[in-house]
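If you want the building blocks of each chain, they are given just below.
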Amino acid sequence: QVQLVESGGGLVQAGGSLRLSCAASGRTFRTYDMGWFRQAPGTEREFVAAISRSGSTYYADSVKGRFTISRTNAKNTVYLQMNSLKPEDTAVYYCGGAVSTGEPSPFSPGYWGQGTQVTVSS
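Residues numbered from 1 in each chain as written. Predicted model: local features only at pLDDT ≥ 70, side-chain atom pairs only at ≥ 80, totals over all residues. Heavy atoms only, no water.

Draft legend 1. Region of interest: the pairing of strand β11 (residues 116-121). Of the two faces of β11, only one is covered, namely that formed by Thr116, Val118 and Val120; the face formed by Gln117, Thr119 and Ser121 stays uncovered. Relative to β11, strand β2 (residues 10-13) runs parallel, the two sharing four bridges. Across the sheet, residue Val12 finds its bridge partner in β11, namely Val120. Relative to β11, strand β9 (residues 91-99) runs antiparallel, the two being bridged by three bridges. Bridge assignment links Val92 to a residue of β11, and that residue is Gln117. (Buried < 20%, exposed > 50% of the residue type's maximum accessible area, 1.4 Å probe, protein only. Helix = DSSP H or I, 4+ residues; strand = E, 2+ residues; numbered from the N terminus. Pairing = 2+ DSSP bridges.)

Have a look at this one:
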């Protein structure tokens, strides 16, 4: 069982930056593919970014060049650096984890965090 806890959300103006963190419990973090999804009101949860256990990264087209996913296995933490934020990035962001398949594309988490709200004002 893996527990995921997100932090770092908040209110930011368009063009600003935020860094989300997701801390995982357990001693098997390094064997997991990790990623981020988001869900805006009235929409379905959508993929944002993923990182494999080996460090390969994958992004949704809507965030390529603006968001960066990374992980620090020694801290059991995955990050999402979000730059050049737009109002359409407003959503609840969820961290997800899955036992590694080698290539998390598509990424289908078996574990989820509780979510953190990101609001971008225009």
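Draft legend 2. Broad picture of the sheet that holds strand β8 (residues 77-82). Judged by pairing direction, the sheet is antiparallel, and its four strands sit side by side in the order β1-β3-β8-β7 without closing on themselves. Each end of this open sheet is capped by a strand with a single partner; those strands are β1 (4-7) and β7 (67-72). Sheet twist, expressed as the average angle between the axes of neighbouring strands with direction ignored, equals 15°. Summarising the sheet, β1 and strand β3 (residues 18-24) pair through four bridges and their orientation is antiparallel. Residue pairing across strands places Glu6 opposite Cys22, the latter belonging to β3. (Axes fitted to C-alpha atoms, helices over the stretch in contact; angles between N-to-C directions.)

Draft legend 3. Quick peek at the pairing of β8. Of all six residues that make up β8, five are buried, and the element is covered over most of its length. The pairing of β3 with β8 spans six bridges and is antiparallel. Within β8, the residue paired with Leu18 across the bridge is Met82. In the sheet, β7 pairs with β8 via six bridges, with the strands oriented antiparallel. Pairing of Ile69 across the sheet is with Leu80, part of β8.

Draft legend 4. Here's a closer look at the state of the cysteines. Under the counting rule described, the total for this entry stands at one disulfide. With a sulfur-sulfur separation of 2.1 Å, Cys22 is cross-linked through a disulfide to Cys95. Between Cys22 and Cys95 the sulfur-sulfur dihedral comes to about -80°; the bridge is accordingly left-handed. Of the two residues, Cys22 is situated in strand β3 and Cys95 in strand β9; the sequence distance between them amounts to 73 residues. (Disulfide = S-S within 2.5 Å.)

Draft legend 5. Examining the packing of aromatic side chains more closely. Going through the model one piece at a time under the given rule, you end up with four aromatic pairs. With centroids separated by 5.1 Å and ring planes inclined at 75°, the aromatic side chains of Phe37 and Trp112 adopt a geometry described as edge-to-face. Of this pair, Phe37 sits in strand β4 (residues 32-39) while Trp112 sits in strand β10 (residues 111-112); the two residues are 75 residues apart in sequence, bridging distant segments of the chain. Classification of Trp112 as partly exposed rests on a relative accessible area of 34%. Taken together, the aromatic side chains of Phe37, Phe47, Phe107 and Trp112 make up a single cluster linked through ring pairs. Here Arg45 stacks its cationic end above the ring of Tyr94, 3.7 Å away from the centre of that ring. For Arg71, the ring lying beneath its charged end belongs to Phe29, and the centroid distance is 4.6 Å. (Phe/Tyr/Trp six-rings, centres within 6.5 Å; stacked < 30°, edge-to-face > 60°. Lys NZ or Arg CZ within 6 Å of the ring centre and 35° of its normal.)

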